[in-house]
Amino acid sequence: MPLHWVHEHHFPDSPTLVHALSGEIKVDLEEAIGERGACSLVVSGGRTPRALFEQLRTEALDWTKVWIALADERWVETTSPDSNEYLVRETLLQDLAAAAHFIGLKNPAPKPEAGAEWASRALTRVPRPFDVVVLGMGEDGHTASLFPGSLALARGLDPAAVPGCIAVNALTAPHARLSLNLSALLDSRRIILYIEGEAKRHVYLRARVPGTVAEYPVRAILHQRTVPVDVFWAP
Ligand SMILES: O=C1O[C@H](COP(=O)(O)O)[C@@H](O)[C@H](O)[C@H]1O
């Protein structure tokens, strides 16, 4: 089943992928700075991108012109090891990349619902369209924090929604979440879906087949035709 908007890049191992992907992101951001004077990078959390962040932070870029934001966040303190902001601060916003501007999603609002409004406002500071959005995917087909079975999914995937952030409570996900909605994720020039391991490869292959987004929310990314998607995979 060809998806003309999606290009797959397979690598023999994770370090080779990380090296190649970091280099590509660097080139994209450098070109964006050259053309528009600033650039934006949206990243995901979880376990997968740690090595990528550690490589990316060493890239020679004018990081003062780079805006970094999150595709999603867990509603936990940013000092928690479960926080995506914590991951980004520990692994990406170091060395040369410490000079980048970072807009996190967790905020002082008492609840995620109010927090989503706060985060949507904060995100308006990040240059749009986002130059590069790096998404991950769970073995249940969720991407960002758009989880199958969550009550917020239909709202999150509504193509007519104002680009922004939504609150997510999913029975299958640890912690309440904030997530960029589909409209915000697609307000971008390039999406990279970065996945590792055979289990995720099989989920990806199933999601490539047309079907319901409620089953595999990542389908909403793979089957749209607005933004080019590159899938980076290593065993
Ligand atoms: O919960 C999340 O899961 C996905 C995938 O994470 P991984 O640990 O399987 O790599 C991630 O993309 C998302 O940002 C995160 O909040």
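Here the residue numbering is sequential within each chain, running from 1 through the sequence in written order. Local features are withheld for residues below a pLDDT of 70 in this predicted model, meaning they are given only at 70 or higher, and side-chain atom pairs are given and counted only at 80 or more; totals for whole chains, interfaces and linings count all residues. Neither water nor hydrogens contribute to the side-chain values; these are computed over all heavy atoms in the structure.

Going by the annotation in an unreviewed UniProt entry, the name recorded for the protein chain is 6-phosphogluconolactonase, with Steroidobacter denitrificans given as the source organism. What UniProt states about the protein chain under its Catalytic activity (unreviewed entry) heading is, verbatim, "6-phospho-D-glucono-1,5-lactone + H2O = 6-phospho-D-gluconate + H(+)". Under the Sequence similarities (unreviewed entry) heading, UniProt states for the protein chain: "Belongs to the glucosamine/galactosamine-6-phosphate isomerase family. 6-phosphogluconolactonase subfamily." UniProt positions are given in the numbering used here, feature names are shortened, and annotations may be inferred rather than shown by experiment.

Enquirer: When you look at the nonpolar core in this model, what are you seeing that I'm missing?
Expert: Within soluble globular proteins, side chains that are nonpolar generally end up buried alongside one another. As used here, the term nonpolar core means buried Ala, Val, Leu, Ile, Met, Phe, Trp, Tyr and Cys residues forming a set that is joined through side-chain atoms within 4.5 Å. Working definition: with a 1.4 Å probe on protein chains only, accessible area under 20% of the residue-type maximum means buried, over 50% means exposed, and in between means partly exposed. Core analysis: the biggest nonpolar cluster contains 85 residues, and I25, L41, I68, L135, L185, L193 and L222 have the highest contact counts within it. Counting residues per element, this core draws most heavily on helix 1 (residues 14-36), which supplies seven residues. Setting aside chain neighbours within four positions, we find L41 in contact with I25, L29, L56, W67, I68, A69, V132 and V134. Working definition: helices are DSSP H or I runs of at least four residues, strands are E runs of at least two. Numbering for both runs from the N terminus. Throughout, a residue-residue contact means that at least one pair of heavy atoms, one from each residue, lies within 4.5 Å.

Enquirer: Looking at this model, I keep getting lost on the site of the ligand. Mind explaining?
Expert: Lining the immediate surroundings of the ligand are 14 residues, of which G45, R47, T48, D72 and K200 lie closest. Between the ligand and G45 there is a distance of 2.8 Å, counted from an oxygen atom to a backbone nitrogen or oxygen. Contact distances for the ligand include 3.1 Å between an oxygen atom and a side-chain N or O atom of N84. To be clear on the numbers: accessible area is Shrake-Rupley with a 1.4 Å probe, and residue cover counts the displayed protein chains and nothing else. Here the ligand, which alone exposes 400 Å², has 93% of that area covered by the protein. Note on residue classes: Ala, Val, Leu, Ile, Met, Phe, Trp, Tyr, Cys and Pro are nonpolar, Asp, Glu, Lys and Arg are charged, and everything else, Gly too, is polar. Per-class residue counts for the shell around the ligand are two nonpolar, seven polar and five charged. What makes a residue near a molecule or strand is one non-hydrogen atom of that residue sitting within 4 Å of it. Counted as a polar contact is a pair of N or O atoms within 3.5 Å, where, for protein atoms, one must be capable of donating a hydrogen and the other of accepting one, and residues adjacent in sequence contribute only when both atoms are in side chains.

Enquirer: Just checking my understanding: could you explain the side chain of K106 for this structure?
Expert: By the element assignment, K106 lies in the loop between strand 5 (101-103) and helix 4 (112-123). Residue K106 is classed as buried on the basis of its relative accessible area, which comes to 15%. Residues contacting K106, with those up to four places away along its chain left out, are E73, W75, V76, E77, T78 and W118.

Enquirer: Sorry if this is basic, but what is going on with the sheet that holds strand 6 (residues 132-135) here?
Expert: What holds strands together in a sheet is hydrogen bonding between their backbones, with the strands either parallel or antiparallel. Taken in spatial order, the seven strands of this open sheet run 1-10-9-6-2-3-5, and their pairing is parallel. Strands with a single pairing partner mark the edges of an open sheet, and in this sheet they are strand 1 (6-10) and strand 5. Neighbour-to-neighbour, the strand axes of the sheet open up by a mean angle of 20°, direction not taken into account. Strand pairing is assigned whenever DSSP identifies at least 2 bridges connecting the two strands. As paired elements, strand 9 (residues 191-196) and strand 10 (residues 229-234) share six bridges and run parallel to each other. Looking at strand 10, one finds that E196 is bridged to A234. For helices, the fitted axis covers only the stretch in contact; all axes are lines through C-alpha atoms, and the angles between them, taken along N-to-C directions, range from 0 to 180 degrees.

Enquirer: Just checking my understanding: could you explain the side chain of E73 for this structure?
Expert: By the element assignment, E73 lies in strand 4 (residues 72-74). Here E73 is buried and forms no salt bridge, its nearest opposite-charge partner R74 lying at an N-O distance of 5.3 Å. In this structure the side chain of E73 is engaged in a polar contact, spanning 3.4 Å, whose partner is the side chain of S83. Within the structure, E73 has its side chain in polar contact with the backbone nitrogen of E85 (distance 2.9 Å). Once you skip the residues sitting within four places of it in the chain, E73 turns out to touch S83, N84, E85, L105, K106, A176, R177 and L178. The convention is simple: Lys and Arg are positive, Asp and Glu are negative, and His and the chain ends are not counted. In what follows, salt bridge is the name for a side-chain nitrogen of Lys or Arg lying within 4 Å of a carboxyl oxygen of Asp or Glu.

Enquirer: Help me understand the sheet that holds strand 7 (residues 165-168) in this model?
Expert: What the three strands build is an open sheet, ordered 4-8-7; its pairing is antiparallel. In this open sheet, the two edge strands, each paired with only one partner strand, are strand 4 and strand 7. Across the sheet, the mean angle from the axis of one strand to that of its neighbour is 15°, orientation sign disregarded. The pairing of strand 4 with strand 8 (residues 177-180) spans three bridges and is antiparallel. Bridging from a neighbouring strand, R74 pairs with R177 of strand 8.

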